[in-house]
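Topology and contacts: notes
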Amino acid sequence: QVRLVESGGGLVQAGGSLRLSCVASGIILRVNAMGWYRQAPGKQRELVATIPNSGTTNYADSVKGRFTISRDNAKNTVYLQMNSLKPEDTAVYYCNAEIGSWGKPTMYYWGQGTQVTVSS
């Protein structure tokens, strides 16, 4: 059973920083693209940033220059460093990863989400 578990969310003042982590566990053969999405109350889930197994990262315009996505392939972990946080960054942040596991086709998995709240 493949699982994604996020951590690192919390309450922070505007201008502050948080670092989110997401670990993929289970019988994993390969982790392809990984990414972060977020969903604010009353809004649709939106892409924040993605990082392929190799290649260039991709960011939503609203977070460019403030957020940095990175990964540690040896640990099947993806990170999201969030700086200069704004109240509009408040949302539940979800980890997403394309994973190939034993006996199953490659598919996308989601974490359970971690709350990020930015106070003004």
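As a reminder, the structure under discussion sits directly above these lines.
So, here's what we can say about the structure. Note that the structure is predicted; figures quoted are calculated from it, not measured. (Residues numbered from 1 in each chain as written. Predicted model: local features only at pLDDT ≥ 70, side-chain atom pairs only at ≥ 80, totals over all residues. Heavy atoms only, no water.)

Brief notes about the overall build of the protein chain
Using the following cut-off: Secondary structure elements are taken from DSSP: a helix is a run of H or I of four residues or more, a strand is a run of E of two residues or more, and numbering for both begins at the N terminus. What the globule rule says is 2.2 Å times the number of residues to the power 0.38, and the radius of gyration is computed from C-alpha atoms. Only protein chains enter the accessibility calculation, which uses a 1.4 Å probe; a residue is then buried when its area is under 20% of its type maximum, exposed when over 50%, and partly exposed in between. Contact between two residues is taken to exist if any of their heavy atoms lie within 4.5 Å; hydrogens are not considered. Using a 1.4 Å probe, the Shrake-Rupley method yields the accessible areas, and only the shown protein chains count as cover for residues. His is not counted, nor are the chain ends; Lys and Arg add positive charge and Asp and Glu add negative charge. By convention, the point assigned to a charge is CZ for Arg, NZ for Lys, CD for Glu and CG for Asp.
Per the secondary structure count, the protein chain includes zero helices and 11 strands. Taken from N to C terminus, the helices and strands of the protein chain fall in the order β-β-β-β-β-β-β-β-β-β-β. Over its C-alpha atoms the protein chain spans a radius of gyration of 14 Å, differing by no more than 12% from the 14 Å that the globule rule assigns to 120 residues. Reported as C-alpha extents along the three principal axes, the dimensions of the protein chain are approximately 50 × 25 × 25 Å. Buried positions account for 43% of the 120 residues belonging to the protein chain. For the protein chain, contacts bridging at least 24 residues in sequence account for 55% of all contacts bridging at least 6. Only carbon and sulfur atoms are counted for the fraction: they give 49% of the accessible area of the protein chain, which is about 6400 Å². Charge separation in the protein chain, taken as the distance between the mean sites of 12 positive and 7 negative side-chain charges, equals 4 Å.

What to know about a nonpolar patch on the surface
The cut-off we apply is this: Here, patches come from residues exposed beyond 30% relative accessible area and free of salt bridges, joined within 9 Å for like charges and within 5 Å for nonpolar side chains (Val, Leu, Ile, Met, Phe, Trp, Tyr). The term salt bridge refers to a pairing of a side-chain nitrogen on Lys or Arg with a carboxyl oxygen on Asp or Glu at a separation within 4 Å.
Residues Ile27, Leu29 and Trp102 make up a contiguous nonpolar surface patch of about 420 Å² in total accessible area. Along the chain, the position of isoleucine 27 falls in the loop between β3 (18-25) and β4 (28-39).

Here's the deal with the side chain of glutamate 6
Condition: Here a polar contact is recorded for every N or O atom pair within 3.5 Å, except that within protein the pair must consist of a potential hydrogen donor and a potential acceptor, and residues adjacent in sequence are included only if both atoms are side-chain atoms.
Counting through the fold element by element, glutamate 6 comes out in strand β1 (residues 3-7). Lacking a salt bridge, the buried glutamate 6 has arginine 45 as its closest oppositely charged neighbour, with an N-O distance of 7.6 Å. A distance of 2.8 Å separates the side chain of glutamate 6 from the backbone nitrogen of cysteine 95, its partner in a polar contact. A polar contact of 3.0 Å, which involves the side chain of glutamate 6, links it to the backbone nitrogen of glutamine 112. Excluding residues within four positions of it along the chain, glutamate 6 makes contact with Ser21, Cys22, Trp36, Tyr93, Tyr94, Cys95, Gly111, Gln112, Gly113 and Thr114.

Here we look at the pairing of β3
Worth spelling out the cut-off: Any two strands with at least two DSSP bridges between them are considered paired.
As judged from the five bridges shared by β1 and β3, these two strands associate in the antiparallel manner. Along β3, the bridge assignment pairs leucine 4 with alanine 24. Sheet topology note: the β3/strand β8 (residues 77-82) ladder contains six bridges and is antiparallel. What sits directly across from leucine 18, in β8, is methionine 82.

Focus: the pattern of salt bridges
Under the defined criterion, the tally for this structure stands at four salt bridges. Note that arginine 38 is salt-bridged to glutamate 46, the shortest N-O span being 2.7 Å. Salt bridges sharing partners connect three or more residues here, namely Arg38, Glu46, Arg66 and Asp89.

Re the pairing of strand β7 (residues 67-72)
Each regular strand shows side chains that alternate between the opposite faces of the sheet. Covered by surrounding structure in β7 are Phe67, Ile69 and Arg71 only, the residues Thr68, Ser70 and Asp72 on the alternate face being uncovered. Taken together, the six bridges between β7 and β8 define a ladder with antiparallel strand orientation. Note that in β8 the partner of phenylalanine 67 across the bridge is methionine 82. Between β7 and β8, which pair antiparallel one after the other, the connecting turn spans four residues, and asparagine 76 there sits at a positive phi close to 50 degrees.

Examining the sheet that holds β3
The line we're drawing: Geometry is summarised by axes, namely lines fitted to C-alpha atoms with helices restricted to the contacting stretch, and by angles between N-to-C directions that run from 0 to 180 degrees.
What the four strands build is an open sheet, ordered β1-β3-β8-β7; its pairing is antiparallel. Strands with a single pairing partner mark the edges of an open sheet, and in this sheet they are β1 and β7. Here the average twist between neighbouring strands, direction ignored, is 15 degrees.

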